[in-house]
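Fold and contact review
Chain by chain, the residues:
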Amino acid sequence: MSKHGKIPPLTPEQERARRRRNLAIAFAIVALCILFYVVTMAKLGPGILVRPSI
Amino acid sequence: MSATQDYNQTDASPRISLAEPGDYFALLKPRVMSLVVFTALAGMLLAPGPLNPVIAFASLLAIAVGAGASGALNMWYDADIDAVMTRTRTRPVPAGKIAPGEALMFGLVLSVFSVVTLGVVANWLAASLLAFTIFFYAVIYTMWLKRSTPQNIVIGGAAGAFPPVVAYAAATGEVSLASMVLFAIIFIWTPPHFWALALVKSSEYGRAGVPMMPNVKGADRTRLEILLYTLLLAPVGVAPWMMGFASLVYGVTAMAGGAAMIALALRVYRLRQGQAGDRAAMQLFFVSIVYLFALFAVIVAERSLARVLA
């Protein structure tokens with residue numbers, strides 16, 4: 001924050017870099033969700049379909 | 001305004017980073033990471049029994065990210081050295097694209113994340129080995145050995161040699177003699193590989209204050225040690241075939257590669273002056289990369305083939 005308490009507007013370069021970083025983080029999070037989902041399925045194997053009878 | 005100026009400002013204006021995702025990727029040392037993935041894959045394929053492709057892929061990914069994390073920690077700590085050397089001055093931290101604190105946090109977060117992921121996906125022995133590898137590279141090598149002894153890359157080379165052991169442990173839950181032989185190959189390969197480069201770049205290392213072998217013990221002693229390590233490397237390179245966990249194709253490749261390495265090391269030992277000496281050293285440097293790649297490529301190829309045909 002500046003001396004006067006206002007945040008100056010970002011330059012186009014700063015905005016572009018921030019947008020790309022945000023997209024990269026979003027991509028990484030989505031990829032991780034998919035990875036952990038697939039790994040969970042792989043570790044559980046066919047057993048995931050076996051439910052205890054009530 | 002350049003990114004460098006951003007981090008050098010002394011007023012109270014906001015320091016908005018101009019770093020791109022590619023700059024963060026560069027912090028992971030992608031070329032080293034690709035070598036780590038390759039050697040780890042070889043270690044993983046040595047494992048007896050079937051491999052779950054999903055678990056294997058996730059484990060290799062975690063190992064690769066762990067290696068990248070240690071690279072980021074290295075770049076954070078060595079930014080002062082990197083800024084002095086032409087080979088490294090364009091790295092994100094010395095170039096001013098990423099602040100040192102950001103590189104540190106990036107490396108720490110990825111370290112923890114990769115270790116925990118490997119523990120959950122594979123097993124905690126592999127995760128512990130990965131944690132030790134990151135610690136060894138970032139703390140033992142980067143913070144301690146690199147600036148204090150000409151044996152830095154000899155001992156520090158262990159960090160680069162661990163990935164096959166980690167990957168084998170991820171696949172089996174144990175450490176085997178076979179994976180330790182792969183460790184030994186990379187470990188003994190490291191000194192002649194790096195010292196060949198250091199012979200040519202000794203003035204840069206000297207300017208940066210890094211006590212590499214040529215700066216401390218002299219070029220002649222370095223040439224002798226390169227030859228001795230190469231003479232040791234050649235038989236160790238053949239060991240996987242002699243011990244029965246690699247085929248005759250591997251054995252022939254290792255013998256031919258080992259002979260080429262010894263011939264080049266002898267040339268480096270004999271040609272001590274001027275451009276001819278530099279050329280011989282750089283030839284050894286590049287051929288050593290091909291040599292290590294060839295050995296592990298044969299293991300990966302024949303083990304993959306065996307799994308496909310099984």
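**Looking at the overall build of chain A**
- The secondary structure content of chain A amounts to one helix and zero strands.
- Counting only residues that meet the buried cut, chain A has 4% of its 54 residues in that class.

**Here's the deal with helix 3 (residues 30–45) of chain B**
Residues and elements named next belong to chain B.
- End to end, helix 3 covers 22 Å across 16 residues, agreeing with the expected 22 Å (1.5 Å per residue, within 8%).
- Among all positions in helix 3, only Met33, Val36, Thr39, Ala40, Leu41, Ala42, Gly43, Met44 and Leu45 are buried.
- Among the structural elements, helix 4 (53–77), helix 9 (163–172), helix 10 (177–200) and helix 15 (274–309) are those in contact with the buried residues of helix 3.

**Some thoughts on the interface of chain B and chain A**
- Each partner contributes residues to the interface: chain B has 14 residues there, and chain A has 16 residues.
- Here the element with the most residues in the side of chain B that touches chain A is helix 4 of chain B; it accounts for three residues.
- Looking at the side of chain B that touches chain A, its residues break down into 10 nonpolar, three polar and one charged.

**Focus on the environment of Val84 of chain B**
Residue and element names in this part refer to chain B.
- Mapped onto the elements of the fold, Val84 is located in helix 5 (residues 79–84).
- Residue classification places Val84 among the partly exposed positions, given that 15 C-beta atoms sit within 10 Å.
- Val84 has contacts with Arg207 and Ala208, leaving out every residue within four places of it along the chain.

**Here's the deal with the environment of Met255 of chain B**
- Within the fold, Met255 of chain B resides in helix 14 (residues 248–270).
- Separated by 20 residues in the primary sequence, Met255 of chain B and Pro235 of chain B have C-alpha atoms spaced 7.9 Å apart.

**Some details on the domain arrangement of chain B**
All names here are of chain B.
- Entries for chain B in the domain assignment read domain 1 (19–175) and domain 2 (177–310).
- The centre of domain 1, based on its C-alpha atoms, is set 21 Å off from the matching centre of domain 2.
- Listed per partner, the contact involves 26 residues of domain 1 and 25 residues of domain 2.
- At the level of elements, helix 3, helix 5, helix 8 (152–161) and helix 9 are the ones that each hand at least two residues to the side of domain 1 that touches domain 2.
- Counted by class, the side of domain 1 that touches domain 2 contains 18 nonpolar, six polar and two charged residues.

**What to know about the nonpolar core**
Residues and elements named next belong to chain B.
- The biggest cluster of nonpolar side chains holds 100 residues, and the ones touching the most others in it are Met44, Ile63, Ala72, Leu118, Leu130, Val166 and Ala167.
- When we break this core down by domain, the ones giving at least three residues each are domain 1 (19–175) and domain 2 (177–310).
- Every residue in contact with Leu130, bar those within four places of it in the chain, is listed here: Ile63, Gly66, Ser114, Val115, Leu118 and Val166.

**Focus: unusual backbone geometry**
- Within the chain, Lys29 of chain B stands out as a residue other than glycine whose phi angle is a positive 50 degrees.
- Topologically, Lys29 of chain B is positioned in the loop between helix 2 (21–27) and helix 3.

**Some thoughts on the confidence of the model for chain B**
Residues and elements named next belong to chain B.
- Mean pLDDT over chain B works out to 92, with 95% of the residues at or above the 70 mark.
- Considering only residues more than four positions removed or in separate chains, one finds that residues 1–14, a stretch of pLDDT under 50, has 21 contacts.
- On the interface metric, ipTM, the complex scores 0.80, and its pTM is 0.89.

**What about the environment of Gly68 of chain B?**
All names here are of chain B.
- As for its placement among the helices and strands, Gly68 is situated in helix 4.
- For the pair Gly68 and Ser148, spaced 80 residues apart in the sequence, the C-alpha separation amounts to 24 Å.
- Ignoring sequence-local partners within four residues, the contact set of Gly68 consists of Leu28, Lys29, Met33 and Leu110.

**Describing helix 1 (residues 12–44) of chain A**
All names here are of chain A.
- When the terminal C-alpha atoms of helix 1 are compared, their 48 Å separation across 33 residues agrees well with the 48 Å that a helix rising 1.5 Å per residue should span.
- In terms of burial, helix 1 is largely open, as just two of its 33 residues are buried.
- Looking at the residues trailing helix 1, positive phi occurs at Gly45, about 65 degrees.

**With respect to the packing of helix 3 of chain B against helix 15 of chain B**
Residue and element names in this part refer to chain B.
- The geometry of helix 3 relative to helix 15 is characterised by a closest axis approach of 9 Å and an angle of 40 degrees between their N-to-C directions. Between helix 3 and helix 15, the angle is such that the two are oblique. Helix 3 and helix 15 meet at a crossing whose hand is left-handed. Seen from helix 3, the contacting residues are Phe38, Thr39, Leu41, Ala42 and Leu45; seen from helix 15, they are Phe296, Ile299, Val300, Arg303 and Ser304.

So, how was this worked out
Residues numbered from 1 in each chain as written. Chains lettered and ligands numbered in written order. Predicted model: local features only at pLDDT ≥ 70, side-chain atom pairs only at ≥ 80, totals over all residues. Helix = DSSP H or I, 4+ residues; strand = E, 2+ residues; numbered from the N terminus. Buried ≥ 20, exposed ≤ 12 C-beta atoms within 10 Å, placed from the backbone. Expected span 1.5 Å × (residues − 1). Contact = placed C-beta atoms within 7 Å. Nonpolar A, V, L, I, M, F, W, Y, C, P; charged D, E, K, R; others polar. Domains from an automatic or database assignment. Core = buried A, V, L, I, M, F, W, Y, C linked by C-beta atoms within 7 Å. pLDDT = per-residue confidence, 0-100. Axes fitted to C-alpha atoms, helices over the stretch in contact; angles between N-to-C directions. Parallel < 35°, antiparallel > 145°, perpendicular 65-115°, else oblique. Left-handed = near helix turned anticlockwise from the far one by under 90°.

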